Amino acid sequence: MDADERIAELCATALEREGPVVFLTGAGISAESGVPTFRGAEGYWKIGSTNYQPEALATRVAFEQMPEEIWAWYLYRRGVCRAARPNAAHMALVSVEKVLGDRFLLVTQNVDGLHLRAGTTAARCYQIHGNIDFMRCEDEHPRVREVPTSISVDWPKARKLSEADRAALSCCGGGGWSRPHVLWFDESYDEELFRFESAMNAGARASMLVVIGTSGATTLPSHLVSIAAHRGIPLIVVGPDDSPFTRAAYGAPNGLVLKGTAGEWVPVLSRALGA
Ligand code: APR
């Protein structure tokens with residue numbers, strides 16, 4: 001059976017079953033939009049900033065020690081994301097949502113906001129690592145709000161914060177910094193900010209899981225893939241490289257690995273789902 005026939009078979013099985021068709025995306029889906037991945041050759045964790053070990057920047061500890069440098073780095077990344085445009089894979093998922101409606105769910109690790117800019121409905125898009133266009137105070141029930149438009153999206157790597165930038169990034173309650181609304185390595189998922197329970201619940205009810213452009217390095221996505229493999233539902237993994245997720249799909253009864261780019265395979269999958 002060739003890949004197209006297998007895709008058609010798995011998608012038909014998924015549509016016959018109860019439950020949402022869940023898409024899980026990572027940095028790979030935005031690679032063709034020019035947003036660097038994290039662990040690829042040009043990845044953020046490979047290059048990072050001039051002075052620091054990359055991952056060390058994405059921690060709360062680092063933010064407490066050097067809020068200005070961390071903000072400058074996130075504002076640089078925000079600029080990279082804003083300069084990018086949704087690509088064919090993002091758009092294909094928007095088409096799938098149009099035909100599946102409430103049976104569509106997207107769990108994304110990406111903080112680049114490209115799914116929402118493509119037109120995916122916010123209510124059906126769990127941004128489990130946050131969104132780089134947003135910030136919040138360190139309160140018990142923080143209000144997540146947009147990074148002020150007064151802060152330019154044209155932010156070269158070496159640019160430092162001005163007095164006006166500092167004021168715009170201060171906590172709305174007065175005193176102290178707001179912080180980027182992203183999940184850092186030394187922090188835990190939760191429901192209020194990152195939809196943890198909602199994502200796990202979706203995984204437990206899913207009729208199919210489609211994994212696109214992720215190396216499988218973080219915990220919640222790993223849970224979702226092992227639940228799908230364990231439940232024996234259709235599990236499709238898209239990406240050019242092998243990973244713990246391709247291995248899970250190779251070993252799963254209804255698993256399929258589609259080697260290649262998101263731009264190549266996601267439009268094919270969306271057509272097989274009726275878009
Ligand atoms: N199409 C599909 N997949 C691609 C493409 C492409 N054009 N280009 C690269 N990939 C794949 C790579 O093979 C790799 O498996 O995308 C994956 C990117 O992996 P990472 O860089 O590790 O990014 P991701 O898996 O999203 O990282 C997860 O880790 O660093 C934290 O919070 C950060 O959300 C991030 C999380």
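Just above sits the structure.
Note that the coordinates shown come from a computational prediction; the quantities given were computed from them, not determined experimentally.

Asks: Explain the state of the cysteines to me, using residue names and the numbers behind them.
Replies: Between two cysteines, a covalent bond joining their sulfur atoms is known as a disulfide. Enumeration according to the criterion identifies one disulfide in this entry. The disulfide that involves Cys 137 links it to Cys 171, with 2.3 Å between the sulfurs. Residues Cys 137 and Cys 171 are joined through a disulfide that is right-handed, its torsion about the S-S bond being 125°. With a gap of 34 residues between them, Cys 137 in the loop between strand E4 (130-136) and strand E5 (145-146) and Cys 171 in the loop between helix H9 (163-168) and strand E6 (179-182) connect regions that are remote in the sequence. In this structure, Cys 137 and Cys 171 share a single accessibility class: buried. Between Cys 11, a free cysteine, and Cys 125, which holds the nearest cysteine sulfur, the sulfur-to-sulfur gap is 20 Å. By relative accessible area, Cys 11 is classed as buried at 0%. Note on Cys 81: no disulfide assigned, nearest cysteine sulfur contributed by Cys 125 at a separation of 14 Å. Assessed through its relative accessible area of 4%, Cys 81 is described here as buried.

Asks: So what's going on with the pairing of strand E7 (residues 208-212)? Which residues, and what values?
Replies: For E7, the tally of buried residues reaches five of five residues, placing the bulk of the element in the interior. Across the two faces of E7 the burial is the same, with Met 208, Val 210 and Ile 212 and Leu 209 and Val 211 all buried. In this sheet, E7 lies alongside strand E1 (residues 21-25) in parallel orientation, the contact comprising five bridges. Considered in E7, the bridge of Val 21 is made with Met 208. Pairing of E7 with strand E8 (residues 235-239), which is carried by four bridges, proceeds in the parallel orientation. Paired with Leu 209 across the strands is Leu 235, a residue of E8. One crossover worth recording links E7 to the parallel E8 by way of helix H12 (residues 219-231), and it is right-handed.

About the cut-offs
- Residues numbered from 1 in each chain as written.
- Predicted model: local features only at pLDDT ≥ 70, side-chain atom pairs only at ≥ 80, totals over all residues.
- Heavy atoms only, no water.
- Disulfide = S-S within 2.5 Å.
- Helix = DSSP H or I, 4+ residues; strand = E, 2+ residues; numbered from the N terminus.
- Buried < 20%, exposed > 50% of the residue type's maximum accessible area, 1.4 Å probe, protein only.
- Pairing = 2+ DSSP bridges.
- Right-handed = clockwise from strand over helix to strand, strands pointing away.

Distances and angles like these do not, on their own, reveal function.
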